[in-house]
Amino acid sequence: MDEIKWGLIGPLLALQALLAVIGLISLGKAERTRGPKWLWVIILIFGNLLGSVAYFTVGRKDN
Amino acid sequence: MRNMWTLYHKEMLESLRSYKLIWVPVVFIILGIMQPLTTYYMPEILKASGNVPPGMLEGYEMPGSAVVMAQALGQYGTIGMLILVLGVMNSLAGERSSGTVEMLMAKPVAPAAIVSAKWAAQLTVLVMALGLGAAGAAYYTEQLMGPLSWSNLAAAAGLYGLWLLCAVSLTLLFSAWLRGPAAAFLGLLAAAAMSLAHSLLPSQLGWTPASLTAMSAEMMTEGGGFAWGPVLFAGILIVACVAAASLLIRRNQLPE
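Residues numbered from 1 in each chain as written. Chains lettered and ligands numbered in written order. Predicted model: local features only at pLDDT ≥ 70, side-chain atom pairs only at ≥ 80, totals over all residues. Heavy atoms only, no water.

On to the overall build of chain A, then. Summing up its helical and strand segments, chain A has three helices and zero strands in all. Put simply, chain A runs from its N terminus to its C terminus through helices and strands in the order α-α-α. Against the 2.2 N^0.38 benchmark of 11 Å for 63 residues, chain A shows a C-alpha radius of gyration of 14 Å, more extended than a compact globule. Taking the principal axes of its C-alpha atoms as reference, chain A extends roughly 45 × 15 × 15 Å. Residue burial in chain A is summarised as follows: out of 63 residues, 38% are buried. (Helix = DSSP H or I, 4+ residues; strand = E, 2+ residues; numbered from the N terminus. Rg over C-alpha atoms; globule rule 2.2 N^0.38 Å. Buried < 20%, exposed > 50% of the residue type's maximum accessible area, 1.4 Å probe, protein only.)

Before going further, it helps to examine the UniProt feature "domain: Cardiolipin synthase N-terminal" (unreviewed entry) in chain A. Summarizing the sequence annotation, UniProt attributes the feature "domain: Cardiolipin synthase N-terminal" (unreviewed entry) to residues 19–60 of chain A in the numbering used throughout. Secondary structure content for residues 19–60 of chain A is 79% helix and 0% strand, and the end C-alpha separation is 15 Å. (UniProt positions renumbered as here; feature names shortened; annotations may be inferred.)

With that settled, consider the nonpolar core. Counting 95 residues, the largest nonpolar core has B:Met69, B:Trp163 and B:Leu164 as the members making the most contacts within it. Apart from the residues within four sequence positions on either side, B:Leu164 is in contact with B:Phe28, B:Tyr76, B:Met81, B:Leu84, B:Leu126 and B:Leu130. (Core = buried A, V, L, I, M, F, W, Y, C linked by side-chain atoms within 4.5 Å. Contact = heavy atoms within 4.5 Å.)

To continue, consider the packing of aromatic side chains. This structure, assessed with the given rule, holds nine aromatic pairs over all chains. Their ring planes at 15° and their centres at 4.7 Å tell us that B:Phe28 and B:Tyr76 sit as a pair that is stacked. Here B:Phe28 is found in helix α2 (residues 20–40), whereas its partner B:Tyr76 is found in helix α4 (residues 65–88), with 48 residues between them in sequence. Here B:Phe28 and B:Tyr76 have matching classes, each one buried. With 5.1 Å between their ring centres and 85° between their planes, B:Phe226 and B:Trp228 make a pair best called edge-to-face. You can call B:Phe226 partly exposed: its relative accessible area is 39%. Through a chain of ring-to-ring contacts, three or more aromatic side chains come together here, namely A:Trp40, A:Tyr55, A:Phe56 and B:Trp23. (Phe/Tyr/Trp six-rings, centres within 6.5 Å; stacked < 30°, edge-to-face > 60°.)

Attention now goes to the side chain of B:Ser246. All names here are of chain B. Relative to the elements of secondary structure, Ser246 occurs in helix α12 (residues 228–248). At a separation of 2.7 Å, a polar atom in the side chain of Ser246 contacts the main-chain carbonyl oxygen of Val242. Those residues in contact with Ser246, other than ones at most four positions away along the chain, are Pro111, Ala112 and Val115. (Polar contact = N/O pair within 3.5 Å; in protein donor to acceptor, adjacent residues only side chain to side chain.)

Moving on, we get to the packing of α2(B) against helix α8 (residues 111–144) of chain B. All names here are of chain B. Put simply, α2 and α8 touch, their axes get as near as 8 Å, and they point 25° apart. Comparing the axis directions of α2 and α8 gives the class roughly parallel. Crossing of α2 over α8 shows right-handed handedness. In this structure, α2 contributes Lys20, Leu21, Val24, Pro25, Phe28, Ile29, Gly32, Ile33, Pro36, Leu37 and Tyr40 to the contact, and α8 contributes Gln122, Val125, Met128, Ala129, Leu130, Leu132, Gly133, Gly136, Ala137, Tyr140, Thr141 and Leu144. Residues belonging to the contact of α2 with α8 are distributed by class as follows: 17 nonpolar, five polar and one charged. (Axes fitted to C-alpha atoms, helices over the stretch in contact; angles between N-to-C directions. Parallel < 35°, antiparallel > 145°, perpendicular 65-115°, else oblique. Left-handed = near helix turned anticlockwise from the far one by under 90°. Nonpolar A, V, L, I, M, F, W, Y, C, P; charged D, E, K, R; others polar.)

Despite not being glycine, A:Asn48 has its phi angle at roughly 60°, a positive value. By secondary structure assignment, the location of A:Asn48 is in helix α3 (residues 48–59). Of note, the phi angle at B:Tyr19 is positive, near 65°, even though the residue is not glycine. Within the secondary structure layout, B:Tyr19 lies in the loop between α1 (2–17) and α2.

Let us look at the packing of helix α2 (residues 37–46) of chain A against α3(A). All names here are of chain A. Two elements in contact, α2 and α3, have axes whose closest approach is 6 Å; the angle formed by their N-to-C orientations is 140°. By the angle between their axes, α2 is oblique relative to α3. Between α2, through Trp40, Ile43, Leu44 and Phe46, and α3, the contact on the second element is made entirely by Asn48, Gly51, Ser52, Ala54, Tyr55, Val58 and Gly59. By residue class, the composition of the contact of α2 with α3 is seven nonpolar, four polar and no charged.

Here the focus is the interface of chain B and chain A. Each partner contributes residues to the interface: chain B has 20 residues there, and chain A has 23 residues. In total, about 2000 Å² of surface goes out of reach between chain B and chain A, with carbon and sulfur atoms giving 77% of it. Contact with chain A buries area across many residues of chain B, yet B:Tyr19, B:Trp23 and B:Ile30 alone supply 30% of it, more than any other trio. The interface formed by chain B and chain A includes zero salt bridges. Counting the contacts that link chain B with chain A gives two residue pairs in polar contact (both at pLDDT 80 or more). The set of elements that each furnish at least two residues to the side of chain B that touches chain A consists of α2, α4 and α8 of chain B. No other element matches α2(B), which puts 11 residues into the side of chain B that touches chain A. (Buried area = accessible area lost by both parts, 1.4 Å probe. Salt bridge = Lys/Arg side-chain N within 4 Å of Asp/Glu carboxyl O.)

If you want it as structure tokens, here you go:
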């Protein structure tokens, strides 16, 4: 691979980061989660797209 | 009607507070732009993964923009549908905890108003997510592969959205008498069963809503192939789901 075109990949990374940040904000506000909170922090930060989706769909208890 | 508007407003406020109005569209955009990106970088990805037989990459031909766009829409049939269905599964079943029941006790509200308001809120999320996702995918496809027909794209995205709306409406119906996870499971199962039956007997079951996905792909790649049957039956299915859910909802019979 000669060089990475950041103009192409950048928006994708930005969107994934946005998703993780929204997840972390929501996690900070949440009173109860399924499973320990620190685990969700790890999943949100390192879990990429699927980690964030997992948190938003099954991680939250209230709502 | 005013009740319904108020309830719809409450639903939208709730999906904003739970960030659903943001995260679902963002996930759809990511899914959408990933398809043209991975297609574009496929030779590099294959090279990086090693052990590619020599000469194989010379034969690699970049698929046309319309084909890639149709594949991008196809992405929404799996993870996209799962997300939407998981989002709707608790909408009626979870009402006991979220306080609508008290509102119902205090004020006479028709069950149909509750169900339609919830359905309309889900539709709003779906349209936003699919619209933004398809736009993102189309933008990347245009940049990387070449021009697209935007009228074909609009028609294809609309047909795909109708199929997703069928799954959402079915799950809404199931959530009127089952707990959330069971409703989601049944909703996905019903959609999968419809697709399977359609792929086994495509000529006999061409009128079912399951053929909307194939129709959408054909609309995108060839610009034709529209048929009223599946659209009509999808409409009937959706209306029937909303009506049946309204009938099932009685003041004290909401599942926990």
